[in-house]
Amino acid sequence: IGNSGYYIQQSDNCTIRDNVAYNNSQHGFHFDTIFRTIMIFNNIARENSRSGFYYWKTSNSPARNNTAFRNGEHGFLLNSDGTYRVGNNLTFNNVTENGLYGINLYHVNDTCIVDNEIQYNNKSGIYVSSTIECIFKENIIVGNIEYGVLTSYDSDNNTYYGNSFIGNGIEN
């Protein structure tokens, strides 16, 4: 847990707005709230050792107009144990040049990833694993080293439409 820029635990109805989390040894913003609501707007997470924005069992917490830039692992990591509906929305975020995935969804459901710019990440733009009933719409996914979107391990009933995929993949 230690050494995240912002760590929010067991808190209801919070707004995190207009903050910068830079060069922390863990995550820029770490949300561990189990069934809570956090509004995450206009924040910047850059050059943190792990993820820019890390959601652990966090639900009903939209993220809008945030920037995740050059974090060591993921721009956004949404991680649940799969036992409840997550229901988060990521919209109008800029997710660029992160060490692994731009957006990583693990055991997540009922989440919308809409109108984001996801570009130049060192693995895939979006990684979807054991995730169900999510919508991926009108994202611009550019120049990621591996795939624009990589879906694996029991990821069912997800919908992808209106996304733009430009220049993703390993060149031989």
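As a reminder, the structure under discussion sits directly above these lines.
The structure reproduced in this document is the subject of the present report. (Residues numbered from 1 in each chain as written. Predicted model: local features only at pLDDT ≥ 70, side-chain atom pairs only at ≥ 80, totals over all residues. Heavy atoms only, no water.)

Turning to the nonpolar core, a few remarks are in order. By size, the foremost hydrophobic cluster in this structure holds 26 residues, and its most contacted members are Phe31, Phe53, Tyr55, Phe76 and Ile103. For this core, the secondary structure elements donating two or more residues are strand S4 (29-32), strand S5 (38-41), strand S7 (53-56), strand S10 (76-79), strand S13 (103-106) and strand S16 (126-129). Aside from chain neighbours lying at most four places away, what touches Phe76 is Phe53, Tyr55, Ala63, Asn66, Ala68, Leu90, Asn93, Val95, Gly102, Ile103 and Asn104. (Core = buried A, V, L, I, M, F, W, Y, C linked by side-chain atoms within 4.5 Å. Buried < 20%, exposed > 50% of the residue type's maximum accessible area, 1.4 Å probe, protein only. Helix = DSSP H or I, 4+ residues; strand = E, 2+ residues; numbered from the N terminus. Contact = heavy atoms within 4.5 Å.)

Across the sheet, 7 strands lie side by side as S1-S4-S7-S10-S13-S16-S19; this open sheet has parallel pairing. The sheet is open, and its two edges are formed by strand S1 (6-9) and strand S19 (149-152), each paired on a single side. Pairwise comparison of adjacent strand axes, ignoring direction, gives a mean angle of 5 degrees for this sheet. (Pairing = 2+ DSSP bridges. Axes fitted to C-alpha atoms, helices over the stretch in contact; angles between N-to-C directions.)

A word on the packing of aromatic side chains. In this description, an aromatic ring pair is defined by two values, namely the gap between the centres and the angle between the planes. For the structure shown, the criterion picks out 7 aromatic pairs. Arranged with centres 4.8 Å apart and planes meeting at 5 degrees, the rings of Tyr6 and Phe29 form a pair that is stacked. Remark: Phe29 occurs in strand S4 and Tyr6 occurs in strand S1; sequence separation between them is 23 residues. Among the residues examined, Tyr6 registers a relative accessible area of 26% and is labelled partly exposed. Centre to centre, the rings of Phe136 and Tyr160 are 4.5 Å apart; their planes meet at 10 degrees, and the pair counts as stacked. Note that Phe136 is positioned in strand S17 (residues 135-137) and Tyr160 in strand S20 (residues 159-161), a separation of 24 residues in sequence. When its relative accessible area of 1% is taken as the criterion, Phe136 is described as buried. (Phe/Tyr/Trp six-rings, centres within 6.5 Å; stacked < 30°, edge-to-face > 60°.)

Moving on, we get to the pattern of salt bridges. Scanning the entire structure with this criterion turns up 4 salt bridges. The shortest N-O distance in the salt bridge between Glu146 and Lys123 comes to 3.3 Å. Of this pair, Glu146 sits in the loop between strand S18 (140-142) and S19 while Lys123 sits in the loop between strand S15 (117-119) and S16, placing them 23 residues apart in sequence. With relative accessibility at 22%, the residue Glu146 sits in the partly exposed group. (Salt bridge = Lys/Arg side-chain N within 4 Å of Asp/Glu carboxyl O.)

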